[in-house]
Amino acid sequence: MSEAMSSQSPPPPLLELKDVWRSNNQGGSKLDVLTGASLTVRAGEMKALVGPSGSGKSTLLNIAGLLEQPDSGTVFINAVDSAGLRQGKRTLLRRQHIGFVFQFHRLLPEFSALENVMIPQMLNGLDKFEAADRAGQLLAMVGLQDRVDHRPGLLSGGEQQRVAIARAVANAPRVLLADEPTGNLDPDTAKDVFGHLAAITRATQTAALVVTHNQQLALNMDSILTIENGHVVALA
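Model, not experiment: these values are computed from the prediction. (Residues numbered from 1 in each chain as written. Predicted model: local features only at pLDDT ≥ 70, side-chain atom pairs only at ≥ 80, totals over all residues. Heavy atoms only, no water.)

Q: A description of the pattern of salt bridges should follow, citing residues and the corresponding values.
A: Opposite charge on two side chains permits pairing when their charged atoms draw close. Under the criterion given, the structure shown has five salt bridges. Notably, a salt bridge pairs R147 with E159, separated by 3.2 Å at the nearest N-O pair. Taken together, the residues span a long stretch of sequence, with R147 in the loop between helix 5 (128-141) and helix 6 (157-168) and E159 in helix 6 at a distance of twelve residues. D222 is the partner of R202 in a salt bridge, and the nearest nitrogen-oxygen pair spans 2.9 Å. With R202 in helix 7 (residues 187-204) and D222 in the loop between helix 8 (215-219) and strand 9 (223-228), the pair connects residues that are 20 residues apart, well separated along the chain. Residues joined in a network through salt bridges with shared partners are R22, E68 and D71. (Salt bridge = Lys/Arg side-chain N within 4 Å of Asp/Glu carboxyl O. Helix = DSSP H or I, 4+ residues; strand = E, 2+ residues; numbered from the N terminus.)

Below is the structure:
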């Protein structure tokens, strides 16, 4: 590698939390959940967030997804500082740049797999023909090209979760946040779904932060993070 190439700095993170603090009130007393938590995730990178229930993982994920505001600290999404944004601008930033995959797929049961992936695109202003074309491509990327017309009730649990992954990246978000995306699946299906999640993250160069209790899946990501005493700590 040439000296010029080796001296190049890495690309800026697509997701960055800086010195984030968050506390909750429990029984009239203050409980510190995050106490200066910081992390970065870059394009095409997958980071696992592990740890026991109650350690602050969900709070951190909600703050990263602009669903909650920190008491202090900063969240950057695609280099945009969200701290000073009004609610409407925060909502727009979340809708345009963040995709979510949940433990429960939350697909709309009355619509087909294709339509479930089309809907967020159409809500974002794309016409139905372009939305259908992109939805078909995304479903093919997760191996469901032959299931596009099936409603969720006719899909297996793993297939439903793969539709949810396609839906999460339908609007080409820069950041993908996943909360126990394989938590309801058997080990073999979980491995299959994770493989598709990883492939689509790499292919779209999305920055992915994945909360999981599955240690085997965590070991297959670029790094493993946990929360200790309110701080984000790298385990591997």
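Q: Got a sec to walk through the layout of surface pockets? Specific residues and values, please.
A: The calculated volume of the largest pocket comes to roughly 480 Å³. Looking at the largest pocket, it is lined by 19 residues, and the ones nearest its centre are I98, F100, P120, R167 and A168. Elements with a contribution of two residues or more to the lining of the largest pocket: helix 3 (87-97), strand 6 (98-101), helix 4 (113-123) and helix 6. Taken together, the residues of the lining of the largest pocket break down into nine nonpolar, six polar and four charged. (1 Å grid on protein atoms, 1.4 Å probe; cavity = no way out; pocket = protein on both sides within 12 Å on 5 of 7 lines; lining within 4 Å. Points joined across faces, edges and corners; volume = space filled by probe spheres on them. Nonpolar A, V, L, I, M, F, W, Y, C, P; charged D, E, K, R; others polar.)

Q: So, the packing of helix 4 against helix 5: which residues are in play, and what are the values?
A: Here helix 4 crosses helix 5 at 125°, and the two axes come no closer than 8 Å. Looking at the two axes, helix 4 sits oblique to helix 5. Relative to helix 5, helix 4 is oriented so that their crossing is right-handed. The segment helix 4 lies against helix 5, with A113, L114, V117, M118, Q121 and M122 engaging K128, E130, A131, A132, R134, A135, G136, L138 and L139. (Axes fitted to C-alpha atoms, helices over the stretch in contact; angles between N-to-C directions. Parallel < 35°, antiparallel > 145°, perpendicular 65-115°, else oblique. Left-handed = near helix turned anticlockwise from the far one by under 90°. Contact = heavy atoms within 4.5 Å.)

Q: With reference to specific residues and values, describe the pairing of strand 1 (residues 15-26).
A: Pairing of strand 1 with strand 2 (residues 29-41) involves ten bridges; the strand directions are antiparallel. Counted as the bridge partner of N24 is L31 from strand 2. The loop that links strand 1 with its antiparallel partner strand 2 comprises two residues; one of these, G27, has a positive phi angle of about 60°. (Pairing = 2+ DSSP bridges.)

Q: Requested: an account of the packing of helix 4 against helix 6, with residues and values cited.
A: The contact between helix 4 and helix 6 brings their axes to 8 Å, and the two run at 25°. By the angle between their axes, helix 4 is roughly parallel relative to helix 6. Helix 4 and helix 6 meet at a crossing whose hand is right-handed. Taking contact as the criterion, the partners of A113, N116, V117 and P120 in helix 4 are, on helix 6, V163, A166 and R167. Residues of the contact of helix 4 with helix 6, tallied by class, amount to five nonpolar, one polar and one charged.

Q: So what's going on with the sheet that holds strand 3 (residues 46-50)? Which residues, and what values?
A: Reading across the sheet, the six strands line up as 6-7-8-3-9-10 and stay open at both edges, with mixed pairing between neighbours. Two strands close off the open sheet at either side, each with one partner strand: strand 6 and strand 10 (231-234). Strand-to-strand twist of the sheet, defined as the mean angle between neighbouring strand axes without regard to direction, takes the value 25°. In the sheet, strand 7 (residues 175-179) pairs with strand 8 (residues 207-211) via five bridges, with the strands oriented parallel. Note on strand 8: the bridge partner recorded for V175 is A207. Each of strand 3, strand 6, strand 7, strand 8, strand 9 and strand 10 is contacted by helix 2 (residues 57-64), which is oriented at about 155° to strand 7, the strand it contacts most. Contacting strand 6 and strand 7, helix 3 crosses the sheet at an angle of about 70° to strand 6.

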